[in-house]
Amino acid sequence: CTIPLARGISRSLPLTEVVENAKKIIDSGYKEIILTGVNTGDYKFFENNNTKKLSDVLYELNKLDIERIRISSIEPNLLTDEIISLVKLSDKFCKHFHIPLQSGDSNILKLMRRRYNLTMFRELIERLNSELPTAGIGVDVIVGFPGEADENFENTYKFLESLKVSYLHVFSYSERKNTLAINMDGKVDIKTRRQRSEKLRNLSSVKKYDFYSRFIGKEQKVLFENKVVRYDGHEFVEGWTDNYIRVRIKND
């Protein structure tokens, strides 16, 4: 991955600055704040002789007068019990997690040098399903990484198929200079990458349909956007539930 090369060493804003930024956003009239970063879960800032973590940021933001706080992509090894408990107990944090997996094959995962394994990932998803049964869960996955044979891809497909998640973000591996991966054996041709990507996107559509279907007839709180869209001869407004379901209603 070229991100560490482009970014340099990992660094975090002071906690007080994060809170002040949030207050400015709230004062501007926004109803939802999304916490994001190159690696959101790896937030660390040394302050008053102790290290502040992402959970400390969340506790402070939870005190603010804001409708919603959404956490963007967070690594599975950094999605702690403390964070899950806070999201569960708070009426401000969206019941929505986006968690990178990248591969559902153990060998490819090791080649990618990820800091977690499949057993840990499955246990995390099952815990979220149990603790927050209405939560939307998105998963990142990369196809065509060097060395990914048909068998490795099928392992990924079956692993994802077995997980109770809401949608997939599917990426095709692309070569980047100055990375270890570009010199690895077992290059996957572009056509195969596209075929595998399409297969996983189809799986994502099935999972999203199944997840959305669970909420037909249910009442959900929606934050609507001010953009008006035209559909079938009518004006509509669109928005999101806190668990990341897209909703459209006629504009009144």
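Before reading on, note that the structure itself is shown above.
Keep in mind that what you see is a predicted model, and the values were worked out from it rather than measured. (Residues numbered from 1 in each chain as written. Predicted model: local features only at pLDDT ≥ 70, side-chain atom pairs only at ≥ 80, totals over all residues. Heavy atoms only, no water.)

Colleague: Go over the sheet that holds strand E8 (residues 222-231) with me, naming the residues and quoting the values.
Modeller: Strand order in the open sheet made by the three strands is E8-E9-E10, with antiparallel pairing throughout. Looking at which strands have only one partner, the edges of the open sheet turn out to be E8 and strand E10 (246-250). Neighbour-to-neighbour, the strand axes of this sheet turn through a mean angle of 30°, independent of strand direction. Where strand E9 (residues 234-241) lies against E10, five bridges are found, and the strand directions are antiparallel. When the sheet's bridge partners are listed, Val-237 is paired in E10 with Ile-249. (Pairing = 2+ DSSP bridges. Helix = DSSP H or I, 4+ residues; strand = E, 2+ residues; numbered from the N terminus. Axes fitted to C-alpha atoms, helices over the stretch in contact; angles between N-to-C directions.)

Colleague: Tell me about the packing of helix H3 (residues 54-61) against helix H4 (residues 81-89), and name the residues and values.
Modeller: Between H3 and H4, the least distance of the axes is 9 Å, while the angle of their chain directions is 15°. Judged by the angle between their axes, H3 and H4 are roughly parallel. At the point where H3 passes H4, the crossing takes the left-handed sense. Across from Leu-54, Ser-55, Leu-58 and Tyr-59 in H3, the residues of H4 making contact are Glu-82, Ile-83 and Leu-86. Here the contact of H3 with H4 is built from residues that sort into five nonpolar, one polar and one charged. (Parallel < 35°, antiparallel > 145°, perpendicular 65-115°, else oblique. Left-handed = near helix turned anticlockwise from the far one by under 90°. Contact = heavy atoms within 4.5 Å. Nonpolar A, V, L, I, M, F, W, Y, C, P; charged D, E, K, R; others polar.)

Colleague: Which residues make up the sheet that holds strand E6 (residues 136-143), and what values do they have?
Modeller: Spatially, E5-E6-E7 is the arrangement adopted by the three strands of the open sheet, whose pairing is parallel. The open sheet is flanked by strand E5 (96-102) and strand E7 (167-172), the only strands paired with a single partner. For this sheet, the mean inter-axis angle between neighbouring strands, taken without regard to orientation, is 20°. Two elements, E6 and E7, share six bridges in a ladder whose sense is parallel. Across the sheet, Val-139 pairs through a bridge with Leu-168, a residue of E7.

Colleague: Provide a residue-level description of helix H6 (residues 118-131), including the pertinent values.
Modeller: With 14 residues, H6 should cover 20 Å at 1.5 Å per step; its first-to-last C-alpha distance of 20 Å lies within 8% of that length. On its buried side, H6 packs onto H4, E5, helix H5 (106-111), E6 and helix H7 (150-162). Measuring from the backbone nitrogen of Thr-119 back to the side-chain oxygen at the start of H6 gives 3.2 Å, which picks out Asn-117 as the cap. (Expected span 1.5 Å × (residues − 1). Polar contact = N/O pair within 3.5 Å; in protein donor to acceptor, adjacent residues only side chain to side chain.)

Colleague: Please provide a residue-by-residue account of the pattern of salt bridges, values included.
Modeller: Scanning the entire structure with this criterion turns up 19 salt bridges. Ionic pairing is found between Lys-23 and Glu-20, a salt bridge with its closest N-O pair at 3.7 Å. Placement of the pair is Lys-23 and Glu-20 together in helix H2 (residues 15-27), with a separation of three residues, close to one helical turn. A residue is classified by how much of its surface remains accessible, and Glu-20, at 40% relative accessible area, is partly exposed. For Glu-225, the salt bridge goes to Arg-246, with nearest N and O atoms at 3.2 Å. In this pair, Glu-225 sits in strand E8 while Arg-246 sits in strand E10, placing the two residues 21 residues apart along the sequence. On the basis of relative accessibility, which here comes to 29%, the residue Arg-246 falls in the partly exposed class. (Salt bridge = Lys/Arg side-chain N within 4 Å of Asp/Glu carboxyl O. Buried < 20%, exposed > 50% of the residue type's maximum accessible area, 1.4 Å probe, protein only.)

Colleague: How would you sum up the packing of H4 against H6? Please name residues and give values.
Modeller: Running from N to C, H4 and H6 cross one another at 25°; their axes reach a closest spacing of 11 Å. When the interaxial angle is binned, H4 and H6 end up roughly parallel. Judged by the sense of rotation from one axis to the other, the crossing of H4 with H6 is right-handed. Taking contact as the criterion, the partners of Asp-81, Ile-84, Ser-85 and Lys-88 in H4 are, on H6, Leu-124, Arg-127, Leu-128 and Glu-131.

Colleague: Hey, could you go over the nonpolar core for me, with residue numbers and the actual values?
Modeller: The tendency in soluble globular proteins is for nonpolar side chains to be buried as a group. In terms of nonpolar packing, the biggest core is built from 50 residues, with Leu-79, Ile-99, Phe-121, Leu-128, Leu-160 and Leu-200 touching the most fellow members. Setting aside residues up to four positions removed in sequence, Leu-79 forms contacts with Ile-74, Ile-84, Phe-97, Ile-99, Leu-124 and Leu-128. If you look at the next biggest cluster of nonpolar residues, it comprises five residues, including Ile-108, Met-112, Phe-145 and Tyr-173. (Core = buried A, V, L, I, M, F, W, Y, C linked by side-chain atoms within 4.5 Å.)

Colleague: Give me the lowdown on the environment of Arg-114, citing residues and values where you can.
Modeller: One can find Arg-114 in the loop between H5 and H6. With 83 residues separating them along the chain, Arg-114 and Lys-31 place their C-alpha atoms 35 Å apart. Setting aside chain neighbours within four positions, we find Arg-114 in contact with Glu-75, Pro-100, Gln-102 and Leu-109.

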